[in-house]
Amino acid sequence: MSVLEIHDLHVSIEADGAPKEILTGVDLTIRAGETHAIMGPNGSGKSTLAYAVAGHPRYTVTSGTVTLDGADVLTMTVDERARAGLFLAMQYPVEVPGVSVSNFLRSAATAMRAEAPKLRLWVKEQKAAMVRLEMDPAFAERSVNEGFSGGEKKRHEILQLELLQPKIAILDETDSGLDVDALRVVSEGVNRVREGGETGVVLITHYTRILKYIKPDAVHVFVKGRIAESGGAELADELEAHGYAKYGESEAGDAAGRPALPTGPVLPGVLAPS
Amino acid sequence: MASSIADALTTERAALKDTGGVMDGSVAVGVKPSTPRSPADVRPERVRSRDVDAFPVPTGREEEWRFTPLDRVQPLLDGAPSDAHLTVDSELPAGVELVEVAAGELDVPLPIDRLAALALARSGSALVVRVPKALELDAPVVLRLSGEGTGEVVWGHVVLDIAEQSRATVVLEHTGSARYAACVSVLVGDGAALQLVQVQDWAGDTVHVAHVASRLGRDAKLLSTQVSLGGDLVRITESVDFAGPGGDVELRGVSFADGGQHLEHRLLVDHSAPHCRSRVTYKSALQGDQAHTVWIGDVLIRAAAEGTDTYELNRNLLLTPEARADSVPNLEIETGEIAGAGHASATGRFDDEQLFYLMARGIPADDARRMVVRGFFAEVIESIGVPALEQRLMATIEDELGRAFA
């Protein structure tokens with residue numbers, strides 16, 4: 001059984017030429033088969049945790065450890081982390097013009113499985129996964145994420161999750177911007193992966209909405225760059241009722257009244273809220 | 001690397017502002033915006049002539065020559081007569097003629113600069129491909145021109161005469177070593193459609209300067225794709241004249257410049273007839289010290305050219321920081337009665353976010369870079385429609401990439 005262990009993780013970004021600490025000591029252990037929800041106000045550092053674990057170059061780990069089944073994740077390159085079994089479903093998936101979805105998926109599967117899947121079997125596998133996510137087969141010939149709607153991008157992320165079968169999947173605000181239908185389809189996809197029992201899931205979310213479809217084993221409240229409280233599914237209900245006020249946080253910003261800082265990776269034209 | 005993304009994005013915003021707001025998801029960074037023109041810099045009336053001396057000897061300060069390293073084209077500019085030839089190999093579908101015709105007998109579009117006039121004057125005879133009236137070809141005409149050395153200058157004139165109502169694909173390939181100055185006259189008759197693919201796959205010592213001069217008849221169509229990969233210096237000037245209304249031209253191009261290479265593409269679409277359409281899509285990737293691409297996109301919409309619809313796009317991808325891409329779109333409009341006119345130009349560094357996304361799915365960095373660059377070129381290459389050629393060109397690009405990421 002796989003286990004991802006994050007211990008006393010501190011992460012900084014460069015802001016206005018000076019390092020700024022975003023994660024201030026995160027401790028978290030995720031085992032295969034478990035689902036953990038990480039909830040928190042904007043700017044609390046939830047997305048930073050996701051991207052730092054995945055190895056995005058914008059984030060500098062200043063101290064702490066991340067291990068997957070005992071192996072040091074922090075010394076691995078981004079692709080090595082993925083091949084070791086880490087998966088990040090992104091809030092803002094990146095467009096890659098001229099690279100078709102089918103080419104991309106097969107390249108990813110080839111890298112993850114250490115050999116190219118047999119073409120005929122692969123076509124079937126991909127098609128079946130797309131049908132389960134209610135995706136039009138024509139989708140496979142489009143350029144990766146180019147011109148996709150918000151819902152299409154998220155389905156495409158979950159399609160990759162299903163095909164690549166990671167040990168630990170971190171889903172960064174996969175529920176944001178989805179209508180009820182898309183939320184159901186995407187949640188069903190996540191639940192299929194969970195049922196396999198081989199994958200640990202970290203659901204990063206701002207809202208409790210997705211937790212009606214995906215029942216977490218644990219809920220963690222993320223405030224000011226670390227976990228402020230952990231509990232069972234009932235903690236989410238409490239947050240739903242009372243918000244983050246008891247942690248000294250309002251929706252709009254932190255306790256001092258400063259506006260929420262965008263801490264996700266900055267993508268063209270988009271400031272990613274954390 | 002972390003700060004480079006932030007820098008890139010800052011530069012991108014500046015770039016987008018500078019180029020009129022191209023926003024389509026790809027990151028454009030490190031832009032040298034096209035050199036703005038001051039009013040004093042407005043181009044003088046363009047000269048078109050067979051007379052070599054109608055064009056002054058270039059000094060390098062002229063608008064037409066300011067990007068070209070003149071020392072490398074000097075042997076051509078010297079203009080010494082020569083009988084040297086390129087070797088010609090051809091594939092001709094039934095009904096297509098390949099003949100040599102004496103100079104002076106042909107009504108072709110006039111040269112656009114001194115080297116084009118020299119090529120027309122010195123070539124002596126022209127190699128003419130004739131596709132007769134109403135013939136529709138289902139296989140491409142292939143002309144392979146190859147050079148055997150850079151000793152003597154080769155003056156060349158190739159004519160593609162695509163008669164009215166016919167339909168053809170012509171592939172014009174250049175390989176080997178040469179100092180080659182040429183005119184390529186492209187005559188597309190009324191209602192005819194030509195797809196021209198011209199490939200510069202020269203050895204590293206070649207200097208190739210050419211004027212590809214097209215004239216489209218009424219309702220004629222031209223899809224031209226220029227692929228410049230090899231050579232020390234390649235400078236292709238592509239001009240399009242419309243002899244009647246309803247013409248439709250698409251000019252596409254891809255260049256891949258390595259260290260030391262100068263690849264220059266200059267376009268002039270002269271909309272002088274009403275209701276014609278033009279589209280320009282040129283892309284280049286650059287890597288290595290002194291790798292240089294130049295793209296000049298001149299579109300002229302004359303007073304008579306009502307209903308013109310034109311758009312041009314230039315994209316440059318800097319794979320290494322020391323390469324340089326110059327990009328100058330230029331639209332001159334003399335009538336308000338047009339259907340549309342626009343241009344976009346962006347020069348960017350490699351997009352780290354794309355790289356991160358692919359790598360986060362387990363794809364190694366080099367493979368991820370290759371996928372992104374292949375994708376960048378695929379739009380143009382995959383529209384050629386000659387599968388064997390598409391595959392070969394992609395393979396050549398792969399080789400270049402192999403050198404890039406070795």
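It should be emphasised that the depicted structure is a prediction, and the values quoted were computed from it without experimental measurement. (Residues numbered from 1 in each chain as written. Chains lettered and ligands numbered in written order. Predicted model: local features only at pLDDT ≥ 70, side-chain atom pairs only at ≥ 80, totals over all residues. Heavy atoms only, no water.)

1. Points about the overall build of chain A
Of the regular secondary structure elements, chain A holds seven helices and 12 strands. Against the 2.2 N^0.38 benchmark of 19 Å for 274 residues, chain A shows a C-alpha radius of gyration of 18 Å, consistent with a compact globule. Along the longest, intermediate and shortest principal axes, the C-alpha atoms of chain A span 55 × 40 × 40 Å. Burial statistics for chain A: of 274 residues in total, 55% are counted as buried. For chain A, the proportion of contacts with a sequence separation of at least 24, taken over those separated by at least 6, is 70%. Approximately 11200 Å² of chain A is accessible, and the part contributed by carbon and sulfur atoms is 53%. Here chain A carries 28 positive and 38 negative side-chain charges, and the mean point of each set is 5 Å from the other. (Helix = DSSP H or I, 4+ residues; strand = E, 2+ residues; numbered from the N terminus. Rg over C-alpha atoms; globule rule 2.2 N^0.38 Å. Buried < 20%, exposed > 50% of the residue type's maximum accessible area, 1.4 Å probe, protein only. Contact = heavy atoms within 4.5 Å. Areas by Shrake-Rupley, 256 points an atom, 1.4 Å probe, with all protein chains shown as cover. Lys, Arg positive; Asp, Glu negative; His and termini not counted. Charge placed at Lys NZ, Arg CZ, Asp CG, Glu CD.)

2. A look at the pattern of salt bridges
Residue and element names in this part refer to chain B. Throughout the structure, instances matching the rule amount to 39 salt bridges over all chains. Of the charged contacts, one joins R277 and E250 as a salt bridge, the two residues approaching to 3.6 Å between their closest N and O atoms. Taken together, the positions of R277 in strand β12 (residues 277-286) and E250 in strand β10 (residues 248-257) put the pair 27 residues apart, joining distant regions of the chain. Classification of R277 as partly exposed rests on a relative accessible area of 26%. Close ionic contact of K283 with E379 constitutes a salt bridge, the shortest N to O distance being 2.8 Å. (Salt bridge = Lys/Arg side-chain N within 4 Å of Asp/Glu carboxyl O.)

3. What about helix α4 (residues 352-359) of chain B?
Residue and element names in this part refer to chain B. For α4, the tally of buried residues reaches eight of eight residues, placing the bulk of the element in the interior. Where α4 is concerned, the buried positions are D352, E353, Q354, L355, F356, Y357, L358 and M359. Two to three positions downstream of the cap, the backbone nitrogen of E353 sits 2.8 Å from a side-chain oxygen, assigning the N-cap of α4 to D351. (Polar contact = N/O pair within 3.5 Å; in protein donor to acceptor, adjacent residues only side chain to side chain.)

4. Some points on the environment of V186(B)
Residue and element names in this part refer to chain B. By secondary structure assignment, the location of V186 is in strand β5 (residues 167-188). C-alpha of V186 to C-alpha of A94: the two residues are 92 residues apart in sequence and 20 Å apart in space. Excluding residues within four positions of it along the chain, V186 makes contact with L160, L194, L196, V212, A213, S214, R215 and L222.

5. Digging into the packing of helix α3 (residues 101-113) of chain A against helix α5 (residues 150-164) of chain A
All names here are of chain A. Closest axis-to-axis distance for the α3/α5 pair is 10 Å, and the angle between their directions is 35°. Handedness of the crossing formed by α3 with α5: right-handed. For the pair α3 and α5, contact is made by V101, F104, L105, A108, A109, M112 and R113 and by H156, L159, Q160, L163 and L164, respectively. Of the residues in the contact of α3 with α5, the class split is nine nonpolar, two polar and one charged. (Axes fitted to C-alpha atoms, helices over the stretch in contact; angles between N-to-C directions. Left-handed = near helix turned anticlockwise from the far one by under 90°. Nonpolar A, V, L, I, M, F, W, Y, C, P; charged D, E, K, R; others polar.)

6. Brief notes about the packing of aromatic side chains
The description of two aromatic rings rests on the distance between their centres and on the angle between their planes. Taken as a whole, this structure holds seven aromatic pairs over all chains when the rule is applied. Through pairs of rings, three or more aromatic residues link up here, namely Y51(A), Y59(A) and F356(B). (Phe/Tyr/Trp six-rings, centres within 6.5 Å; stacked < 30°, edge-to-face > 60°.)

7. Details of the packing of α4(B) against helix α5 (residues 365-381) of chain B
Residue and element names in this part refer to chain B. Here α4 crosses α5 at 125°, and the two axes come no closer than 9 Å. Here α4 lies oblique to α5, going by the angle between them. Our pair here, α4 against α5, has a crossing hand that is right-handed. Only A365, A368, R369, M371 and V372 of α5 make contact with α4, whose side of the interface consists of Q354, L355, L358 and M359. Looking at side-chain class alone, the contact of α4 with α5 contains seven nonpolar, one polar and one charged residues. (Parallel < 35°, antiparallel > 145°, perpendicular 65-115°, else oblique.)

8. Things to note about empty space enclosed by the protein
All told, the structure shown has five cavities of 30 Å³ or more when counted by the stated rule. Forming the walls of the largest cavity are A50(A), V53(A), A54(A), V78(A), R81(A), A82(A), L86(A), F87(A), L88(A), I170(A) and A360(B). Going through the elements one at a time, α1 (46-54), α2 (78-84) and β6 (86-89) of chain A are the ones with two or more residues in the lining of the largest cavity. Grouping the constituent residues of the lining of the largest cavity by class yields 10 nonpolar, no polar and one charged. (1 Å grid on protein atoms, 1.4 Å probe; cavity = no way out; pocket = protein on both sides within 12 Å on 5 of 7 lines; lining within 4 Å. Points joined across faces, edges and corners; volume = space filled by probe spheres on them.)

9. Notes on the sheet that holds strand β1 (residues 3-15) of chain A
Residue and element names in this part refer to chain A. Reading across from one edge, β2-β1-β4-β5 is the order of the four strands in this open sheet, with antiparallel pairing throughout. Whereas interior strands pair on both sides, the edge strands pair on one side only; in this sheet they are β2 (18-31) and β5 (71-72). Sheet topology note: the β1/strand β4 (residues 59-68) ladder contains eight bridges and is antiparallel. Paired with V11 across the bridge in β4 is V61. (Pairing = 2+ DSSP bridges.)

10. Regarding the nonpolar core
Membership of the largest hydrophobic core comes to 113 residues, with the highest contact counts inside it found for I6(A), V26(A), L49(A), F256(B) and F377(B). Looking at this core, the element that brings in the most residues is α5(B), giving eight residues. Leaving out residues up to four positions away in the same chain, F256(B) has contacts with S228(B), L229(B), Q261(B), L263(B), A285(B), Q287(B), L319(B), V373(B), F377(B), I397(B), E400(B) and L401(B). Of all hydrophobic cores here, the second largest spans 55 residues; its members include V158(B), Y180(B), W295(B) and A323(B). (Core = buried A, V, L, I, M, F, W, Y, C linked by side-chain atoms within 4.5 Å.)

11. Re α3(A)
Helical geometry note: an α-helix holds 3.6 residues per turn, so side chains three or four residues apart project in the same direction. All names here are of chain A. Under the 1.5 Å per step criterion, the end-to-end length of α3 is 18 Å for 13 residues, consistent within 8% with the ideal 18 Å. Among the residues of α3, V101, S102, F104, L105, A108, A109 and A111 are the ones counted as buried. Following α3 by one or two positions, A114 adopts a phi angle in the positive range, close to 65°. (Expected span 1.5 Å × (residues − 1).)

12. Examining the side chain of S166(B)
Residue and element names in this part refer to chain B. With respect to the helices and strands, the residue S166 is situated in the loop between β4 (141-162) and β5. Separated by 2.5 Å, the side chain of S166 and the backbone oxygen of A163 make a polar contact. Not counting residues up to four positions away in its chain, the partners in contact with S166 are V131, P132, A134, L135, G191, A192 and A193.

13. Quick notes on the pairing of strand β3 (residues 125-131) of chain B
All names here are of chain B. Burial within β3 is extensive, with five of its seven residues counted as buried. Where strand β2 (residues 97-102) meets β3, six bridges bridge the pair, whose relative direction is antiparallel. Counterpart to V99 in the pairing with β3 is V128. The pairing of β3 with β4 spans five bridges and is parallel. Each bridged residue has a counterpart across the sheet, and for R130 the counterpart in β4 is D161.

14. Section: the confidence of the model for chain B
Residues and elements named next belong to chain B. Scored by pLDDT, chain B comes out at a mean of 88, with 88% of its residues at no less than 70. Predicted confidence for residues 1-42 stays below pLDDT 50, and this span has 70 contacts to residues more than four positions away or in other chains. In the predicted complex, the global pTM is 0.79; the interface-specific ipTM is 0.90. (pLDDT = per-residue confidence, 0-100.)

15. Some points on the sheet that holds strand β12 (residues 226-231) of chain A
Residue and element names in this part refer to chain A. With mixed pairing, the six strands of this open sheet are ordered in space as β6-β9-β10-β3-β11-β12. Each end of this open sheet is capped by a strand with a single partner; those strands are β6 and β12. Within the sheet, the average angular offset between the axes of one strand and its neighbour, ignoring direction, is 20°. Where β6 and strand β9 (residues 168-172) come together, four bridges link them in parallel fashion. Of the residues in β9, the one forming a bridge with A89 is L171. Packed on one face of the sheet, α5 meets β6 and β9 and runs near 165° to β6.

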